[in-house]
Amino acid sequence: MLSKNRSVLLLIVLAVVVVIYLLLTFTRDDEKNFRTQLDDFDTATVNRIEIYVDEPPEDVFLVKKSGNWMVELPTMLLAADDQRVESVFTQLDGTRILNIAANDPSKWKEFNTANEKGTRVRIMGDDKVLADLIVGKFDFIQPKTTQQQNPYMRQPQGEMRSYVRIFGENEVYTIDGMISFGIGKTVDDYVDKSLTSFNFDDISQLDFEFADGNSFQLLNADGKWMINDQKADSAATISYLKKIGNLRGKEVMKTRFEDKDPFATVTIGKLEGGEIKIESFALDSASYALHSSINPQNILIDSDGSVVEKVFVSKNYFLGKEE
């Protein structure tokens, strides 16, 4: 009789264990049941990115042509900043999800992830959609503080949160970081604005050509800069090279540029061969167009002349004289 009771007790215990297991499996909280990361995709196969913003002036279309990223406009292609494009992948490829912020469509607007809100990013490879996301708002979560904090202890840091919804799904996911700010929303965020890229001690020669005839040449002769038979101010020359060594423009021209003769050209020769040529064209009395040989696809606009003033200096600048 005792053995029979023990068997019944074991069956009851086993049944309770099974019921508990089933409850945990099928009624567990969403916090344990959501996807742990955004869609993972092979970045090497991506050849198109479409970015639709909730407040135009413009959506952004990036295409890969012959291994180079370009910004696609209705009438032309502009060279894209490869690092800026790659940052999109870094922000979205397999990014870890912290939790579900909402799973009801009525909450989408609260997180700027409704279909007509937020920033929609479609990542494609050979016309196949690899990821389709709506990037919503950004929040900064203030750190929790206590009334009596030790001033000598490290203070808690705030948390940065972005909200993302996979297009076609209900869930709004919380992502750690500033994805909302990291995804550019205009063409100007992605076009290549580079004019120069060099180290000052790699340069051996500077040739300035001006339409008014005041052209001159600087040569580095055994570490000494010379203008013809005059010794240049080495400090001024090095300062100039450092100042323009990694120069970027402010805006890229989005219409066809009519060919015209430059009013000024500087050719920057390197010690180990090769050169960078920058040409400047007057658009009106105050603004200029700039073209660099390291960024031949794009024409940059210098609307206030500040870049031209920095690049195209007179002979007196290198002689240490007041201009």
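Residues numbered from 1 in each chain as written. Predicted model: local features only at pLDDT ≥ 70, side-chain atom pairs only at ≥ 80, totals over all residues. Heavy atoms only, no water.

A. Focus on the side chain of Ser292. Structurally, the position occupied by Ser292 is in strand 17 (residues 288–292). Within the structure, the side chain of Ser292 is placed 2.6 Å from the backbone oxygen of Leu195, a separation counted as a polar contact. When residues no more than four places from it in sequence are discounted, the contact partners of Ser292 are Ser194, Leu195, Ile276, Lys277 and Ile278. (Helix = DSSP H or I, 4+ residues; strand = E, 2+ residues; numbered from the N terminus. Polar contact = N/O pair within 3.5 Å; in protein donor to acceptor, adjacent residues only side chain to side chain. Contact = heavy atoms within 4.5 Å.)

B. Quick look at the packing of aromatic side chains. In this structure the tally under the stated criterion is 16 aromatic pairs. When the centroid spacing of 5.1 Å and the interplanar angle of 80 degrees are considered together, the rings of Tyr317 and Phe318 count as edge-to-face. No difference in accessibility class separates Tyr317 from Phe318, as the two residues are buried. Aromatic rings pair up to connect Phe208, Phe210, Phe216, Tyr240, Tyr317 and Phe318 into one cluster. Over the ring of Trp108 we find Arg165; its NZ or CZ atom is 3.6 Å from the centre of that ring. Here the basic side chain of Lys242 rests over the ring of Phe200, its NZ or CZ set 4.9 Å away from the ring centre. (Phe/Tyr/Trp six-rings, centres within 6.5 Å; stacked < 30°, edge-to-face > 60°. Buried < 20%, exposed > 50% of the residue type's maximum accessible area, 1.4 Å probe, protein only. Lys NZ or Arg CZ within 6 Å of the ring centre and 35° of its normal.)

C. Representation of the sheet that holds strand 9 (residues 172–176) in the model. The strand order across the open sheet formed by 9 strands is 4-3-2-1-6-7-8-9-5, and the pairing between neighbours is antiparallel. Each edge of the open sheet is held by one strand with a lone partner, namely strand 4 (77–79) and strand 5 (97–102). Sheet twist, expressed as the average angle between the axes of neighbouring strands with direction ignored, equals 30 degrees. One ladder, built from 4 bridges, connects strand 1 (residues 48–53) with strand 2 (residues 60–65); its direction is antiparallel. Across the sheet, Glu50 pairs through a bridge with Phe61, a residue of strand 2. (Pairing = 2+ DSSP bridges. Axes fitted to C-alpha atoms, helices over the stretch in contact; angles between N-to-C directions.)

D. Quick look at the nonpolar core. Counting 67 residues, the largest nonpolar core has Ile49, Leu92, Phe208, Tyr240 and Phe318 as the members making the most contacts within it. Leaving out residues up to four positions away in the same chain, Phe208 has contacts with Ser215, Phe216, Leu218, Tyr240, Thr265, Val266, Val311, Phe312, Val313 and Phe318. Core analysis: the second largest hydrophobic core is formed by 6 residues, Ala102, Trp108, Tyr163 and Val172 among them. (Core = buried A, V, L, I, M, F, W, Y, C linked by side-chain atoms within 4.5 Å.)

E. Layout of the sheet that holds strand 17. Reading across from one edge, 13-12-11-10-15-16-17-18-14 is the order of the 9 strands in this open sheet, with antiparallel pairing throughout. Of all the strands in the sheet, the pair left with one neighbour each is strand 13 (230–231) and strand 14 (251–252). With 2 bridges connecting them, strand 12 (residues 224–227) and strand 13 associate as antiparallel partners. Residue Met226 lies in a different strand from strand 13, and its bridge partner there is Lys231. In this fold helix 4 (residues 234–244) packs onto strand 10 (203–210), strand 11 (216–221), strand 12 and strand 15 (264–270), with an angle of close to 85 degrees to the strand it touches most, strand 10.

F. View of the side chain of Asp207. Secondary-structure assignment places Asp207 in strand 10. Buried charge without a salt bridge: Asp207, with Lys277 as the nearest opposite-charge side chain at an N-O distance of 9.4 Å. Among the polar contacts listed, one links the side chain of Asp207 to the side chain of Gln205, at a separation of 2.6 Å. (Lys, Arg positive; Asp, Glu negative; His and termini not counted. Salt bridge = Lys/Arg side-chain N within 4 Å of Asp/Glu carboxyl O.)

G. Quick look at the pairing of strand 15. When you tally the buried positions in strand 15, you get 6 out of 7 residues, the bulk of the element. Alignment of strand 10 against strand 15, held across 7 bridges, turns out to be antiparallel. Across the sheet, residue Ile203 finds its bridge partner in strand 15, namely Lys270. Where strand 15 lies against strand 16 (residues 275–282), 6 bridges are found, and the strand directions are antiparallel. In the sheet register, Ala264 faces strand 16, and the bridge partner there is Ser280.

H. Geometry of unusual backbone geometry. Phi at Ser66 is positive, roughly 50 degrees, even though this residue is not glycine. Within the secondary structure, Ser66 is located in the loop between strand 2 and strand 3 (68–72).

I. Fine view of a nonpolar patch on the surface. Among the surface-exposed residues, Phe140, Met160, Met178 and Phe181 lie close enough to one another that they form a single nonpolar patch of about 390 Å² accessible area. With respect to the secondary-structure elements, Phe181 resides in helix 3 (residues 179–182). Look at Phe181 and you get exposed, because its relative accessible area is 54%. (Patch = residues over 30% accessible without salt bridge, like charges linked within 9 Å, V, L, I, M, F, W, Y side chains within 5 Å. Areas by Shrake-Rupley, 256 points an atom, 1.4 Å probe, with all protein chains shown as cover.)

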